[in-house]
Structures are given as structure tokens and as C-alpha cells.
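Here is how the chains run, residue by residue.
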Amino acid sequence: MGVWVTVPGLLLLYFLTHTLGVSPFLAGLTLLVPKIVDALVHPLLGSLSDRQARRDGHRRSMLRWGLLLALAMAALFTVPAGLAGPGAALWVGGWYIAGNLLFACFQVPYLTTPSDLRIGYHERTRVFMFRMLFLTLGLLASGVAAPALVASGSRGDYSLMAVVLAVGMAVSGVAGLAGVRRLTGRCGFRPPGAHAHSVLGDLRVAGRDRDFRALVLSYFFTGTTTHLFLAALPFYTRYVFGDSGLTPVFMGGFLAPAVIAGPGWLWLSRRIGKQRGLLLAQGAFIAGSLGLLLGGTAGTAFTVLVVVALGTAFAGLQLLAFSMVPDAVAAAETRGTARAGAYTGVWTATEATGTAAGPYVYSAVLALGGFLSTTEGHLVAQPDSALTALLLGFTVLPAALMAVAVAFQRRCGLDGAAER
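With an unreviewed UniProt entry as reference, the chain is termed MFS transporter, source organism Streptomyces xinghaiensis.

Put into C-alpha cells, the structure is as follows:
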């Protein structure tokens, strides 16, 4: 999961505009359309996962289909030599759709399993702390290795990078499947309600849940912000610092603290609650985004420190938001309306939409600024308007988007429901 979340989000927009000669506007659409398809499918997969859980007593059947994601990863960056521009965009978009669907087959049941376990409020956070630790290790390994492997910008390097990471995805996917089996056996499985429901019925139930709705809307803007950061980082290092080699350095600075920050956020959430902890993480991300405005003048060391602070905040954004989803299911269960798969389907659909919206918004900013695309081996001078657009799109825009996330998160009352 960490590889698929990181690598396309970090490199696809740059790959399309700098190696395949795709215009920023078309590149943005290439990343957006597959995610729209993806978002529409997630609620269906959530309801299907619930049906499988009622029938089989587990959710592993759909998880197994997700293991094929490694094949889509390899194909996504292995673009035939004769394709460039619109043709290359069509190839990438097609495989991105296939990969997103396979990713959803793994992600939806995997994220639903904590709602199935017979555990309590803080134990759910603990489960997600360990999951986010390994997810972040995947983010860190791929976030540092992928840009380093494609430093030359050639198609061959992108293809080799994808194949290497696909092997790691296959191995870790099998390990994750085995882990779900062991965890369910140890903690016990709590199946969904005895009666099947329609997808639209599941969506209506999730949409009427005020606290869950606030959490979902907040995470949509949070996900848009963090994935905008990933997509924009290669542009920031290339055009603000003039050194693409800093991309893996900054990615390491962003993700390394997230590996060790999870226990700190868990400790904090036990004392002030997940809601206050999440608001604190969102506020820290706003401050860090604005701090990146000074990167070009303050230097590399200062920027690394800001990126480390952003990575620490990112750990809290992920851990606390995700651990509140089973809390929403548990709160709904007390009202007799709990449908874990449906809630997770809505959640992952929202995440998929935010994942697409971030790069698309940044590509639109680049297009408005007059950014010029190119193919491998060719250099082009960018106009001043494009340089201004790529900087403001990486700093001020994420801060504004995260501020909207804060406004929605303040409406969520799940901590109060847990206390009651």
C-alpha cells in the first residue's frame, strides 16, 4: 500500500510532463479520471466486502485479488518506446485505472478489519499505530528509492524502478494477508449485520452520520493537501533549488520522522483525545507549508527542518484520522446502523478522490502559470509566471486547503461519543 500511495503520487505527474511530453493540463486529467472511476467503485467494494464477511466469516477473498497490484505497478511506468504525448497519457491512464481497482480490492477489506475485531477505543488506535508504522516504512523506502532510481529521467530507469518496487509490493502483500488472518484469529471476528443492504442504502447510512461526514470531508481536504505535496515536490527541488537530487533527500526528511512519530501521537491522543491531536497535526502542517516559502532563500538545511516538521505532522494526520473510522463504526453500532464495509468504502473513496485532486489541482496551477512540458533528454526554460505558480502551489495553496480541513474537523464529535 505504501508503494502505491507514494510512487504514482510522487512521480507520475513529473514523469508525464518531463519524460513523456504530456502537457500539464492533459497530465492532470490522466491522473484525475482514473481516480474518479476508483472513487465510484470503492463504496461498491465496501458493500461487497460486507457480504463476503457475512458469508465466509472473513474478508480475505477480496484481499487476494489485490495481490495482482504488483503487475499494474510494473506496467504503469513501462511505456512503449513509440508512445509520447496523448498516446502515452492513454497508456498511463489505462494502467492507472487497473492499478487503482486492484489497490481498492486490497485497501477496502484491509482497512475494515479493525472494525471487525473485538477490541476497544484505544486498542483500535494501537492497531493502526502498528499498521501506520509499516505503511510509513513502505512510504519511506519507496519515496527515497524511486526518485533516486529515476534520476536520469529515462524511460528505462522508470521501468526498472517499477519492476523492483513491484517485487516488494508482492512480498509485503502476502505478509499483510497472513497478518490479517492471525490478528482476526487472536482477537475474534465480529461480522457485519445479518442482512445484506444495497450500495445506495449503505451510502445513505454513512452520509447521515454527522460525525463521520465531518471526518470524511476533513480527510478529503487533508488527502488533497498531502498528495499535492508529493506531486509538487520534484518540481520544487528542480526549479526552486535547481537540484533534482534533493527529491529523495526531502522525501526522506518527510517520511523518516513519521516512522518514529506514531507512538508519540498515540501517547498524545490518550491524553487529549484523537480530535484535538488531529487538529494539532493539521495546524502544524499549515505552518510548515507556509515555511517552505522561505526555502529558496533560507537554504537546504532550513528546508529539511521544515520538511521534518511536516513529516511529523503527517504521521498524526494519518494515524488519528484512520483510527477514528472504526470509532465512527462503533458509535453507529450503538445506534444499530453500523455497516463497517460501507463506512470504509466511503472513506477509501474519499481518500482516492483526494489523492487525485491534489496532483490535478497542482497541474492546473502549473497550466495557469504557463508551465512548458518536455520529453526526456530535452531542456526548456520556464517563464517567470510558471516558476511563481509552482512555488505558490506548493506552499500557500496547501496551507489554504488544510485550513478548510480544520474547519470540517472541528465539527466532528467522535471523541465525545467515545467518552459517553
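Q: Go over the overall build of the chain, please, and point to the residues and values.
A: Of the regular secondary structure elements, the chain holds 17 helices and 0 strands. Computed over the C-alpha atoms, the radius of gyration of the chain is 21 Å, within 12% of the 22 Å expected from 2.2 N^0.38 for a compact globule of 420 residues. Seen along its three principal axes, the alpha-carbon backbone of the chain occupies a region of about 60 × 45 × 35 Å. For the chain, long-range pairs separated by at least 24 residues make up 84% of all intrachain contacts whose partners lie at least 6 apart in sequence. For the chain, the accessible area works out to roughly 16,000 Å², and carbon and sulfur atoms hold 68% of it.

Q: Please set out the nonpolar core residue by residue, giving values where relevant.
A: Of all hydrophobic cores here, the largest spans 110 residues; its most connected members are V7, L11, M73, F77, M161, W347 and Y362. Top contributing element to this core by residue count: helix 13 (residues 300-334), with 17 residues. No fewer than three residues from each of domain 1 (1-190) and domain 2 (198-419) sit in this core. Excluding its chain neighbours within four sequence positions, the residues that come into contact with L11 are F77, A146, P147, V150, Y158 and M161. The next biggest cluster of nonpolar side chains, apart from the first, holds 5 residues, and it includes L45, M62, A104 and C105.

Q: Tell me about the environment of A75, residues and numbers included.
A: Within the secondary structure layout, A75 lies in helix 4 (residues 69-76). The exposure class of A75 is buried, given its relative accessible area of 13%. In this structure, the C-alpha to C-alpha distance between A75 and W91, residues 16 residues apart in sequence, is 9.1 Å.

Q: Account for the packing of aromatic side chains, naming residues and giving values.
A: Counted according to the given criterion, the structure contains 20 aromatic pairs. Residues W4 and Y96 carry aromatic rings whose centres are separated by 5.9 Å and whose planes lie at 50 degrees to one another, so their mutual orientation is tilted. Placement of W4 in helix 1 (residues 2-18) and of Y96 in helix 5 (residues 86-116) is noted, with a sequence separation of 92 residues between them. We classify W4 as buried; its relative accessible area is 3%. Joined through ring pairs, the aromatic side chains of F229, Y236, F241, F250, F254, F285, F314 and F394 make up one cluster.

Q: Now, about the domain arrangement of the chain: what can you tell me, with residues and values included?
A: Annotation of the chain at the domain level lists domain 1 (1-190) and domain 2 (198-419). For domain 1 and domain 2, the distance between their C-alpha centres works out to 17 Å. Listed by partner, the interface residues are 58 residues for domain 1 and 63 residues for domain 2. Summing both partners gives a buried area of about 5,100 Å² for domain 1 against domain 2, and 71% of it is carried by carbon and sulfur. Seen at the junction of domain 1 and domain 2, the total is 3 residue pairs in polar contact (both at pLDDT 80 or more). Considering only residue class, the side of domain 1 that touches domain 2 consists of 28 nonpolar, 20 polar and 10 charged.

Parameters at a glance
Residues numbered from 1 in each chain as written. Predicted model: local features only at pLDDT ≥ 70, side-chain atom pairs only at ≥ 80, totals over all residues. Heavy atoms only, no water. Helix = DSSP H or I, 4+ residues; strand = E, 2+ residues; numbered from the N terminus. Rg over C-alpha atoms; globule rule 2.2 N^0.38 Å. Contact = heavy atoms within 4.5 Å. Areas by Shrake-Rupley, 256 points an atom, 1.4 Å probe, with all protein chains shown as cover. Core = buried A, V, L, I, M, F, W, Y, C linked by side-chain atoms within 4.5 Å. Buried < 20%, exposed > 50% of the residue type's maximum accessible area, 1.4 Å probe, protein only. Domains from an automatic or database assignment. Phe/Tyr/Trp six-rings, centres within 6.5 Å; stacked < 30°, edge-to-face > 60°. Buried area = accessible area lost by both parts, 1.4 Å probe. Polar contact = N/O pair within 3.5 Å; in protein donor to acceptor, adjacent residues only side chain to side chain. Nonpolar A, V, L, I, M, F, W, Y, C, P; charged D, E, K, R; others polar.

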